[in-house]
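Chains, contacts and geometry: an overview
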Amino acid sequence: VVIMVGWARSHERTAVRTARVPLALAAAVVLVVAGPVAFHYLVLQHDASFRRGFDPAAAAHLSDFLRTGYGNPVLSHLPLIGPRSRQTVAGLENRLFPSVVAMLFGAAGALAWARRTRRRESGSARTRELTAIVVAGVIVLVLAFGDWFTIAGHRIPLPFVVLRHGAPGFNGIRANARLELGGELALALVAAVGVDAVLRRCRA
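Thresholds, definitions, all that
Residues numbered from 1 in each chain as written. Predicted model: local features only at pLDDT ≥ 70, side-chain atom pairs only at ≥ 80, totals over all residues. Heavy atoms only, no water. pLDDT = per-residue confidence, 0-100. Helix = DSSP H or I, 4+ residues; strand = E, 2+ residues; numbered from the N terminus. Core = buried A, V, L, I, M, F, W, Y, C linked by side-chain atoms within 4.5 Å. Buried < 20%, exposed > 50% of the residue type's maximum accessible area, 1.4 Å probe, protein only. Contact = heavy atoms within 4.5 Å. Salt bridge = Lys/Arg side-chain N within 4 Å of Asp/Glu carboxyl O. Pairing = 2+ DSSP bridges. Axes fitted to C-alpha atoms, helices over the stretch in contact; angles between N-to-C directions. Parallel < 35°, antiparallel > 145°, perpendicular 65-115°, else oblique. Left-handed = near helix turned anticlockwise from the far one by under 90°. Nonpolar A, V, L, I, M, F, W, Y, C, P; charged D, E, K, R; others polar.

1. Some thoughts on the confidence of the model for the chain
This prediction gives the chain a mean pLDDT of 85; 98% of its residues lie at or above 70. Averaged pLDDT values for the elements of the chain fall to 76 in helix α2 (residues 13-18) and rise to 93 in helix α7 (residues 180-203).

Pasting the structure below:
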């Protein structure tokens with residue numbers, strides 16, 4: 001929803017009107033293909049055996065972003081990453097280190113975005129689209145932490161608890177940490193912008 005709204009605001013009204021028919025056809029196809037399955041899934045949600053409670057161990061934690069895959073030949077020797085990335089420390093869903101390359105070029109992409117904003121280019125279509133995708137990635141990242149988050153011994157409720165009790169399908173999710181993939185996809189796009197900015201500098 002965030003990406004679609006951002007796309008609609010990034011283009012002129014004529015382009016949005018032109019895209020109405022393809023979007024309506026896409027929605028119809030999704031409704032026909034996924035509708036019966038979704039309806040049956042909603043019916044099953046009333047059965048208590050299909051509902052899952054919140055498992056804090058399967059949600060994202062701040063320390064998970066320093067966990068790589070087990071046996072990483074490069075990063076497993078680093079002091080902060082190595083001890084957190086052992087096989088017995090965490091499951092597969094909680095190994096969320098986004099890679100050094102993505103973080104470096106992501107920082108370059110963030111600087112390029114900030115430079116465009118300072119130059120009053122924030123109204124361009126590309127900048128608005130990037131902003132919408134980043135906002136969507138941040139939202140999914142927050143949902144990856146689950147129902148609540150603990151800071152200094154204080155439990156802070158998060159939006160996922162509302163979705164778990166009020167939106168269909170969310171009470172069947174076991175590993176909230178998997179939702180962080182949306183945040184990594186947004187980071188990958190920002191990193192691509194960073195690669196483009198670096199290449200432009202090299203050409204100059």
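After that view of the structure, there is still more to cover.
2. Some words on the nonpolar core
Listed in full, the eight residues of the largest apolar core are Ala60, Phe65, Leu96, Ala144, Phe145, Phe149, Leu158 and Ala177. For Phe65, the residues in contact, after removing those within four places along its chain, are Leu96, Phe97, Pro98, Leu141, Phe145 and Glu180.

3. Considering the pattern of salt bridges
Inspection of the entire model under this criterion finds five salt bridges. When the shortest N-O distance is used, the salt bridge between Glu93 and Arg178 registers 2.8 Å. Placement of the pair is Glu93 in the loop between α3 (20-44) and α4 (100-118) and Arg178 in the loop between α6 (160-166) and α7, with a sequence separation of 85 residues. When the shortest N-O distance is used, the salt bridge between Arg200 and Asp196 registers 2.8 Å. Within this pair, Arg200 and its partner Asp196 are both found in helix α7, separated by four residues, close to a single helical turn.

4. Brief notes about the pairing of strand β2 (residues 154-157)
By the bridge criterion, four bridges tie strand β1 (residues 148-151) to β2 in an arrangement that is antiparallel. Paired with Trp148 across the bridge in β2 is Pro157. Linking β1 back to β2 in an antiparallel pair, the connection comprises two residues, with Ala152 at a positive phi of about 55°.

5. As for the packing of helix α1 (residues 2-10) against helix α5 (residues 125-144)
It is the contact of α1 with α5, at a shortest axis distance of 8 Å, that shows an interaxial angle of 165°. Taken together, α1 and α5 sit at an angle that is classed as roughly antiparallel. In terms of crossing hand, the pair formed by α1 and α5 is right-handed. Contacts between α1 and α5 involve Val2, Ile3, Gly6, Trp7, Arg9 and Ser10 from the former and Ala125, Arg128, Glu129, Ala132, Ile133, Val135, Ala136 and Ile139 from the latter. When the residues that make up the contact of α1 with α5 are grouped by side-chain class, the tally is nine nonpolar, two polar and three charged.

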